[in-house]
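Commentary on secondary and tertiary structure
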Amino acid sequence: MTIFPENISTYGQEIDRLFYTISALVAVAFVISLFVLLYPLFNNSAKRVKKATYFTGAKRKHFRWITFALVALALSDFYFLYAEHGAWVTIEQTQVKPDFHVSITGRQWNWAFTYPGLDGKLYTPDDIVINEMNSELHVPINKNIVVDLWAKDVLHSFFVPNIRLKQDCVPGRMIQRWFKLTKTGTYDIACAELCGLLHGKMRNFLVVESQEKFNGYIDSLYKKNAPALTMTNPSN
Amino acid sequence: METPHSTTHAPQGFWTKYLFSTDHKTIGIQYMITGLFMAAVGGFLAYVFRYNLAFPGESIPLFGQLDAMHYNAFVTNHGMIMVLFVGMPFLVSGLGNLLIPLMIGTDDMAFPTLNMMSFWIFLVSCLVMVAAFFVPGGAFGGGWTLYPPLSASGYVNRNPAFWSTFFSATPMFILGVALEFVSMLMGGINFLVTTINKRAEGMTPFKIPLIVWFLNIATLDFMVSVGPLVAGAVMLLLDNVVGTGFYDPARGGDPVLFQHLFWFFGHPEVYVLLLPALGVMGEIIPVFSRKPLFAYRTIIYLSLIAAVLSVVVWAHHQFIAGIDPRMATFFSIGTIIISIPFAGVFLSFMATLWGGSIRFTMPMIWALGFIGLFLIGGLTGLYLGSSTFDIYAHDTYFVVAHFHYTMFPVVFFGFFSAVYFWFPKFTGKHLNHTLGMIHFWLTFIPFNVTFFVLFFNGLAGQHRRVNEYSSFSNIMKEPYITFEKISTIGAIVLMVSQFIFLYNLFISLRKGRKAEKNPWDSNTLEWQADSPPVHGNFNPYPVVYHGPYEYSHPSSEQDFVPQDNPIVLKTN
Amino acid sequence: MAEQTLSVSLKQVPQGRLGVWLLIVGELIIFGSLVVCYLLYRLRFPSWVEQTQHTSTFYGGLNTFVLLTSSYTIVKANDAALKKDLAKMSRYMLTTIFCGLIFLAVKSTEYAHEIGAGFTLTSPGLQATNPVGATFWSFYYIMTGLHATHVLAGMVTLFVVWLDARKGRNIHRVELGGLYWHMVDLIWIFLFPLLYIAK
Ligand code: HEM
Ligand SMILES: [Cu+2]
């Protein structure tokens, strides 16, 4: 059993690593606390110790072990905050040069995908829109993919466990995120924010494929959807 | 010395004595019984949807089929009921009413009629919540966090039947919660005024027992944080009922605004529940270690700091809700910082055990169980306080497991510790020890079984509020399918074993061993009143000479010194 | 010891006054939150200025005057109550309640005008042309409406207090009712510039 689903993004392993870093700290803290809790229980039961030692802990001197522990906790907390900050910036605050730009709209109850049409630009009349349950989002491997996240009706949350990316989609806003994927295959796209009756059935697929296959896919879409090219972005 | 006058006109009739009573003890018990009833409702809902998660599509014993719509409604109401209609009456209103006047040595609350009214408003709010299940289409199902636009009207929901349910049930849900707030605010004013104004002679601030401090800090925290949500809820109600656009982006409204208002309350709310539970531990641990509470004053300062910090960390529930990423970093730091004062409080409790002479009575065992479980809850909070990891963990079962590891110990272990400790005081009877032990182990173990496995489901990517996972076969595979079943079996055992507790209450009330005034050799004032205390509590009013935790003082014969005992303690 | 003096001086505040103070703090936080939400939206939508043109500064100003007067009369009533001058106290209390009535009457006329002009909680007419502007009116009505219910509540409170106090019973409640009335006044003092003056 592996703890996480397979990672396919360039930044996913940083989140996994962060998990193990925090786990190490948590394990140490847990063992120490458990010892502090259990030791007196075994050692100081009323049967063994008839009379307790009077000790108020009011003096700063008495508190020093706790101060020490708190400082250690604070330091390790800040250590991992510091350690994780890079990953946060990578995922949330980085503008990458897009190799491929696609718009994704959450709606009750599926994700709708909008690819740029022949002009290579999004939000123009020749965009290709795929808007049905269980449909696929195709993206090329090893490319910077920039996604514009929209919501049409209520809140949704774009969640691909294998990328380690989750982002709420808010009606009336566009939120941009990016990823670069390193493995071909088909993965789940879920919606992680309660969005009504069929929230749990809101599932689409992410298909990661080589650039050639991807180009073929886009061509076929273009052929199939030619008459419907005037469709506009569902979020408008 | 003044003599209490109220002893002379104790109400006699059944109605005034048990139902429309203004006596703080009766009202406290009324809150607890109502809370128990609501816990049964919230627990039953949990049983139904937990069963559905493990055995999707099967008919649920005692219930039947559960569809997606009812699943959502049940999860939503389970959450709201457990937090506001079980946690609050158990820990804040219930304990506050029972204990504050007794522990500060007075006859009753400052405003007894207001107190009675707040209970009745609370009861009405419970009825509204339960009644909402029976309106056409069933209860509200938009999540206990009530996020608009889903919870606000004006949005075309493509299933018309579903839409109508939202329309009729949402206002009721909001109304129920609003009434609860009104009741808590009225009760809170009472707590604060009583504590400030009615303390026994000699009870200076640092002779007040920890739990009274904590109840008051919790009340203040509640009163300060609830205002924004009240304002937000009024706007949400209008969005629903008359179709305004406060949260409608098409009309300039901002859905994320509501999230801020909700969590500005929602986060302090967990401390509102946590503080009284910690207070219970702060009373129990010194008594059964026969030692002063370690660093009593420091604990109070630390929790005041935590209460102040608690209103500036709310957005850690919204790391990925579309807020500015730099803001998230700020709230991440705040969240980590707030863990430090609470860690200090917990370490002080553990330090109290060191060098003690520990008695493993029922209340003590529950208190130790609480600390053990909360340790896991608190430490897993460190993962979620890190905004980066939260990108992945947010809205998965990792979060569900984490907050149950905090909320369940707080609400139920806090409640049970308190009941096992103060039951002799308020009924004059002891609870049965053997039944109590069975109850403890049959709660502690199944609780861990239920929720520990869910951490792994969450890490595997399983997201919340989904009634069946058949569409996600990549996530929901072995061993996670088995984990779901294990969790459900744990939950069922957990719930069934609560009947042991009810039976214990029942049998001990009738046949329990009689309890004397001060069965645990405790210092605080409530133990110096009769068991059960008469109407008016004390005659004459006590005068306070000592702090609440003078156990095993070297200059005293006895290993405890009641607060109203005039002997002089030599400090060295 | 400082700690002792603090606790003793707090203990000398009568219970009722302490209770009303806490109630006022609670209410102010609720109104304060509404005001903050309003300000956030207002900063985001400069175009709301257009809508504020339609609120009547005249009626608003008149009502401010009425409420300030009533705050003065309730202070007078309390002075009289302290001097046990029941007749005078009773007169001033009734004047205060009457001012409340005038306030509500003015407010209703104002609402009637606005509703006549198509500005309501939802402003359906406006929604088609200027949906964002319609939300200004939602805020306008929620804030003034909640305030008006507080005026009403204050009037009822004062009336109930008056029923007893005019016979010399529970005179100290005049002060408590007065504190609440001042709060109602204070909230208006915030709403008036926000909704009527800042144009
Ligand atoms: C009796 C044992 C309990 C069991 C078996 C249980 C089980 C669960 C489960 C499985 C969920 C997640 C459902 C989902 O996301 O689909 C849940 C949600 C929740 N539970 Fe519990 N729970 C219990 C007790 C409590 C207690 C004591 C509290 C708090 C005081 C609590 C508060 C909540 C909240 C706030 C939610 C979130 C509701 C929402 O998503 O809207 N639960 N519970
Ligand atoms: Cu969704």
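Here's a quick rundown of the structure. (Residues numbered from 1 in each chain as written. Chains lettered and ligands numbered in written order. Predicted model: local features only at pLDDT ≥ 70, side-chain atom pairs only at ≥ 80, totals over all residues. Heavy atoms only, no water.)

Take the overall build of chain B next. The secondary structure content of chain B amounts to 15 helices and zero strands. For 572 residues, the compact-globule formula gives about 25 Å, and the C-alpha radius of gyration of chain B, at 24 Å, lands near that figure. With the principal axes as the frame, chain B shows a C-alpha extent of 75 × 50 × 45 Å. A burial count over chain B gives 72% of its 572 residues as buried. Contacts in chain B between residues far apart in sequence, at least 24 positions, make up 81% of those at least 6 positions apart. (Helix = DSSP H or I, 4+ residues; strand = E, 2+ residues; numbered from the N terminus. Rg over C-alpha atoms; globule rule 2.2 N^0.38 Å. Buried < 20%, exposed > 50% of the residue type's maximum accessible area, 1.4 Å probe, protein only. Contact = heavy atoms within 4.5 Å.)

What follows deals with the coordination of the copper ion (ligand 2). Each donor-metal-donor angle in an ideal tetrahedron of four donors is 109.5 degrees, and each such angle in an ideal octahedron of six donors is either 90 or 180 degrees. Residues and elements named next belong to chain A. Listed as protein donors to the copper ion (ligand 2) are His 156 (ND1), Cys 191 (SG), Cys 195 (SG) and Met 202 (SD); their distances from the metal cover 2.1 to 2.8 Å. The coordination sphere of the copper ion (ligand 2) comprises four donor atoms, whose angles at the metal cover 90 to 129°; the geometry is tetrahedral. Read N to C, the donor residues that coordinate the copper ion (ligand 2) are spaced as H-x34-C-x3-C-x6-M. Of this pair, His 156 sits in strand S6 (residues 156-160) while Cys 191 sits in strand S9 (residues 185-191), and the two are 35 residues apart along the sequence. With a relative accessible area of 0%, His 156 lands in the buried category. Overall, the relative accessible area of 0% leaves Cys 191 in the buried class. (Donors = N, O, S within 2.8 Å, 3.2 Å for Na, K, Ca; no water. Tetrahedral: all angles 85-135°; square planar, octahedral: opposite > 155°, others 65-115°.)

All names here are of chain B. Every protein donor of the iron atom of ligand 1 is accounted for by His 78 (NE2) and His 404 (NE2), and the metal-donor separations fall at 2.0 Å. Geometry at the iron atom of ligand 1 is octahedral, judged from the six donor atoms that bind it and their angles of 88 to 180° at the metal. In this pair, His 78 is assigned in helix H3 (residues 68-103) and His 404 in helix H12 (residues 397-427), connecting sequence segments 326 residues apart. Of the two residues, His 78 and His 404, both sit in the buried class.

Turning our attention to the packing of helix H13 (residues 433-459) of chain B against helix H15 (residues 498-511) of chain B. Relative orientation and spacing of two packed helices are given, respectively, by the angle between their axes and the distance between those axes. Residues and elements named next belong to chain B. Where H13 contacts H15, the two axes come as close as 9 Å, and the packing angle between them is 160°. When the interaxial angle is binned, H13 and H15 end up roughly antiparallel. As for how H13 packs across H15, the hand of that crossing is left-handed. Between H13, through Leu 435, Gly 436, Ile 438, His 439, Leu 442 and Thr 443, and H15, the contact on the second element is made entirely by Gln 498, Ile 500, Phe 501, Tyr 503, Asn 504 and Ile 507. Class assignment for the residues of the contact of H13 with H15 results in seven nonpolar, five polar and no charged. (Axes fitted to C-alpha atoms, helices over the stretch in contact; angles between N-to-C directions. Parallel < 35°, antiparallel > 145°, perpendicular 65-115°, else oblique. Left-handed = near helix turned anticlockwise from the far one by under 90°. Nonpolar A, V, L, I, M, F, W, Y, C, P; charged D, E, K, R; others polar.)

This next bit is on the layout of surface pockets. For the second largest pocket, the calculated volume is near 1600 Å³. Lining the second largest pocket are 48 residues, and of these Leu114(B), Met186(B), Ile189(B), Leu23(C) and Tyr180(C) lie nearest its centre. Within the residue set of the lining of the second largest pocket, elements represented by two or more residues are helix H4 (112-131), helix H5 (160-197) and helix H6 (210-241) of chain B together with helix H2 (15-44), helix H7 (131-165) and helix H8 (173-197) of chain C. Looking at side-chain class alone, the lining of the second largest pocket contains 33 nonpolar, 11 polar and four charged residues. (1 Å grid on protein atoms, 1.4 Å probe; cavity = no way out; pocket = protein on both sides within 12 Å on 5 of 7 lines; lining within 4 Å. Points joined across faces, edges and corners; volume = space filled by probe spheres on them.)

This part is about the pattern of salt bridges. Applying the stated rule across the entire model yields 17 salt bridges over all chains. Salt-bridge contacts for Lys198(B) lead to Asp107(B); the nearest nitrogen and oxygen are separated by 3.1 Å. Remark: Asp107(B) occurs in the loop between H3 and H4 and Lys198(B) occurs in the loop between H5 and H6; sequence separation between them is 91 residues. Salt bridges linked by common partners bring Arg173(A), Asp254(B) and Arg44(C) together as one network. (Salt bridge = Lys/Arg side-chain N within 4 Å of Asp/Glu carboxyl O.)

Turning our eyes to something else, we now look at the interface of chain C and chain B. Taken residue by residue, the interface counts 31 residues in chain C and 35 residues in chain B. Summing both sides of the interface, chain C and chain B together bury roughly 2900 Å²; the carbon and sulfur share of this comes to 70%. For the pair chain C and chain B, the number of links is one salt bridge. A salt bridge links Asp254(B) to Arg44(C); its shortest N-O distance comes to 3.2 Å. Put simply, chain C and chain B have four residue pairs in polar contact (both at pLDDT 80 or more) between them. Within the residue set of the side of chain C that touches chain B, elements represented by two or more residues are helix H1 (2-12), H2 and H7 of chain C. Sort the elements by how many residues they give to the side of chain C that touches chain B and H2(C) lands first, with 14 residues. Counted by class, the side of chain C that touches chain B contains 18 nonpolar, 10 polar and three charged residues. (Buried area = accessible area lost by both parts, 1.4 Å probe. Polar contact = N/O pair within 3.5 Å; in protein donor to acceptor, adjacent residues only side chain to side chain.)

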